[in-house]
Amino acid sequence: MEGLYVVLALVALVVITIAKGVRIVPQGSKHIVQRLGKYYRTLTPGMNVVIPYIDQVPYKVTTKDIVLDIPSQEVITQDNATIIANAVAYINIVSPEKAVYGVEDYEIAIQNLVQTALRSIVGEMSLDAALSSRDLIKAKLKEGISDDIADWGINLKTVEIQDINPSTTMQKAMEEQAAAERQRRATVTRAEGEKQAAILEADGRLEASKRDAKAQVVLADASREAIERVSSAIGEQEMPVMYLLGERYISALSELSQSDNAKNVILPADLPQAVKGLLNR
């Protein structure tokens, strides 16, 4: 029985040894092999054979694209405005041995690099430029950190700006400024409209006055010509002149009687005598 136990133990040891010597690497991954604590080689997808108990696989690295979320942070612009910005980076590990031995934690390292570069880039821009230049910030970010992470065997495929917005205090100030600007424009527009209306009204009064004056001149000329013609026609005869003046006198009294200020209108008893008085006769 003891011999049987020994055989079974040996068989189990052989099975375990063979299992440890065969490594199956799934697609989309690479495994790092250390021999006696030192980097030896990188296992690619498929079946690989290692030396049991001597070779170890301490790191398993994905070769798929990795999405890194860059936390939001406050950034000060060139004109001392505070904005909140965050980003997302897409990376791919092309040299797993560099990624695991070149930096303690490549994800945290890349996040810090992106945040630092973002603060530096936005700090050289005004608020308006930062809010409207996502593509420019993205290009500068990629250019600024690609070389740094390449030393870790990592390729930066792209980096995108998710959100870049003014801080709560800055948004409130911008809203108040926009409201004040709209109020100013409304006041200017209203004042300009009142000015144009006043100008048009004054022009209308001026034109009406000119036309009234011209009408008065025309009426005066017509009356003068009429009197001259009548005087020329009648010569020394008195009655036609008295008739013309009497007609105008009666017309004037009629207009006076229709005035709102007129209460009593007294007509002369002897109209011809009154007309003669006008003629100083």
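What counts as what
Residues numbered from 1 in each chain as written. Predicted model: local features only at pLDDT ≥ 70, side-chain atom pairs only at ≥ 80, totals over all residues. Heavy atoms only, no water. Pairing = 2+ DSSP bridges. Helix = DSSP H or I, 4+ residues; strand = E, 2+ residues; numbered from the N terminus. Axes fitted to C-alpha atoms, helices over the stretch in contact; angles between N-to-C directions. Contact = heavy atoms within 4.5 Å. Core = buried A, V, L, I, M, F, W, Y, C linked by side-chain atoms within 4.5 Å. Buried < 20%, exposed > 50% of the residue type's maximum accessible area, 1.4 Å probe, protein only.

Undergrad: Mind showing me how you'd approach the sheet that holds strand 8 (residues 154-166) here?
TA: The pairing of strands in a sheet happens through backbone hydrogen bonds and is either parallel or antiparallel. One open sheet holds the three strands; their spatial order is 6-7-8, and the pairing between them is antiparallel. Strands with a single pairing partner mark the edges of an open sheet, and in this sheet they are strand 6 (66-76) and strand 8. For this sheet, the mean inter-axis angle between neighbouring strands, taken without regard to orientation, is 20°. Strands in contact with helix 3 (residues 106-123) are strand 6, strand 7 (82-93) and strand 8; relative to strand 6, the strand with the most contacts, it is inclined by about 35°.

Undergrad: Would you explain the nonpolar core in this entry?
TA: In summary, soluble globular proteins display a tendency toward joint burial of nonpolar side chains. In terms of nonpolar packing, the biggest core is built from 37 residues, with Ile91, Tyr106, Ile110, Ile137, Leu141 and Ile154 touching the most fellow members. Within the residue set of this core, elements represented by two or more residues are strand 6, strand 7, helix 2 (96-101), helix 3, helix 4 (127-132), helix 5 (134-150) and strand 8. In terms of residue count, the dominant contributor to this core is helix 3 (eight residues). Residue contacts for Tyr106: discarding those within four places in its chain leaves Ile66, Ile91, Ile93, Ala99 and Ile154. In this structure, Val33, Leu43, Val50 and Val57 belong to the second largest nonpolar core, which totals five residues.

Undergrad: Would you explain the sheet that holds strand 2 (residues 29-35) in this entry?
TA: With antiparallel pairing, three strands are arranged side by side in an open sheet as 3-2-5. Lying at the two open borders of the sheet, with one neighbouring strand each, are strand 3 (38-43) and strand 5 (55-62). Geometrically, the sheet is characterised by an average inter-axis angle of 30° between neighbouring strands, direction not taken into account. Pairing of strand 2 with strand 5, which is carried by six bridges, proceeds in the antiparallel orientation. Across the sheet, Gln34 pairs through a bridge with Gln56, a residue of strand 5.

Undergrad: How should unusual backbone geometry be read in this particular structure?
TA: For residues other than glycine, phi is negative in most cases, and the peptide bonds are mostly trans. A positive phi angle, near 55°, is found at Leu36, a position not held by glycine. In this structure Leu36 comes out as exposed when scored by relative accessible area, which is 72%. Positive phi values are uncommon outside glycine, yet Asn80 reaches one of about 60°. With respect to the helices, strands and loops of the structure, Asn80 is situated in the loop between strand 6 and strand 7. Residue Asn80 is classed as exposed on the basis of its relative accessible area of 64%.

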